[in-house]
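Structure at a glance
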Amino acid sequence: DTASSIGTSTEMIQGQFNMLTSNQPNLVVNGDFATDTDWSKVGDFVISNGKASITNASQYSQITNQLGVNYLLSGKKYKLQVDIQTLSISNVFAYRVTGGAVSPISTSQVVNGVFKAEFTMTQDGYFWFQTTGDYAGLNVSIDNVSVKEVRATTVEASKCLADAIHRIGIQDIQN
């Protein structure tokens, strides 16, 4: 009996499914570096022309995004994606999350100018990029920084469908 009602309510089910499994919002504020705001810089990082860059590094450098009010939460998994250009030396540029280890970005991890990584937060906090080790002479620019929560879509989709079937079944009984 419920199956016939669900057949007429595909828009509702699809809408709920899309809501739970769609691309999550980018938690990075000003990830496209449109302005020189929302990032704390140390050392050689400069924000200009829609990019954050280091040219011929002379010192340790770091750039941190405060994420506005969007802290990364302990125990949650996140996906980082960033466009990286002119990475001149491997394993001297890295990302780090609060409470986590430094994760080097090497040229072998950058595919067609895009670096992707997933990480789980060990405590609430932020993320940042930094130079590590032999940073002298490093030339790098980053753009389109995105950090999104990774969602368990299969569990949520199943739950969504079960919720929809339950709700429609109750509506059928009431009618």
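Structure first, text after, so check above.
In this report, we go over the structure that sits alongside the text. Here the structure is a predicted model, which is why all the values come from computation and not from measurement.

**Details of the sheet that holds strand β4 (residues 62-65)**
Across the sheet, which stays open at both edges, the five strands sit in the order β1-β4-β10-β6-β7 with antiparallel pairing between neighbours. Bordering the open sheet on either side are β1 (39-42) and β7 (103-105), each of which pairs with just one other strand. The sheet shows a mean angle of 20° between the axes of neighbouring strands, taken without regard to direction. Note: strand β6 (residues 93-97) against strand β10 (residues 127-131), five bridges, orientation antiparallel. When the bridges of β10 are listed, V97 appears paired with F127.

**Here we look at the packing of aromatic side chains**
Scanning the model with the defined rule gives eight aromatic pairs in all. Ring pairing ties together the aromatic residues F33, W39, F45, F93, F127 and F129, which thus form one cluster.

**Overview of the sheet that holds strand β9 (residues 114-120)**
Across the sheet, six strands lie side by side as β2-β3-β11-β5-β9-β8; this open sheet has antiparallel pairing. Whereas interior strands pair on both sides, the edge strands pair on one side only; in this sheet they are β2 (46-48) and β8 (110-111).

**What to know about the side chain of Q130**
With respect to the helices and strands, Q130 occurs in strand β10. Take Q130: its relative accessible area is 7%, and that puts it in the buried class. There is a polar contact of 2.6 Å between the side chain of Q130 and the side chain of W128. The residues touching Q130, leaving out its near neighbours within four places in the chain, are Y60, S61, Q62, V92, F93, A94, R96 and V102.

**Some thoughts on the pattern of salt bridges**
Following the criterion strictly, the structure yields three salt bridges and no others. Residue K41 is joined to D36 by a salt bridge in which the shortest nitrogen-to-oxygen separation is 2.6 Å. You can call K41 partly exposed: its relative accessible area is 34%.

**Examining the pairing of β4**
Side chains of β4 alternate between two faces, with Q62 and T64 and I63 and N65 buried alike. As paired strands, β1 and β4 are joined by four bridges and run antiparallel to one another. Opposite W39, over in β4, you have N65 as the bridge partner. Sheet analysis places β4 next to β10, joined by four bridges and oriented antiparallel. Across the sheet, I63 pairs through a bridge with F129, a residue of β10.

**Description of unusual backbone geometry**
If a residue is not glycine, its phi is most likely negative; likewise, a peptide bond is most likely trans. The phi angle at F33 is positive, at roughly 55°, despite the residue not being glycine. In this structure, F33 sits in the loop between α2 (10-21) and β1. Within the chain, N56 stands out as a residue other than glycine whose phi angle is a positive 50°. Within the secondary structure, N56 is located in the loop between β3 (51-54) and β4. With relative accessibility at 52%, the residue N56 sits in the exposed group.

Basis of the calculations
Residues numbered from 1 in each chain as written. Predicted model: local features only at pLDDT ≥ 70, side-chain atom pairs only at ≥ 80, totals over all residues. Heavy atoms only, no water. Pairing = 2+ DSSP bridges. Helix = DSSP H or I, 4+ residues; strand = E, 2+ residues; numbered from the N terminus. Axes fitted to C-alpha atoms, helices over the stretch in contact; angles between N-to-C directions. Phe/Tyr/Trp six-rings, centres within 6.5 Å; stacked < 30°, edge-to-face > 60°. Buried < 20%, exposed > 50% of the residue type's maximum accessible area, 1.4 Å probe, protein only. Polar contact = N/O pair within 3.5 Å; in protein donor to acceptor, adjacent residues only side chain to side chain. Contact = heavy atoms within 4.5 Å. Salt bridge = Lys/Arg side-chain N within 4 Å of Asp/Glu carboxyl O.

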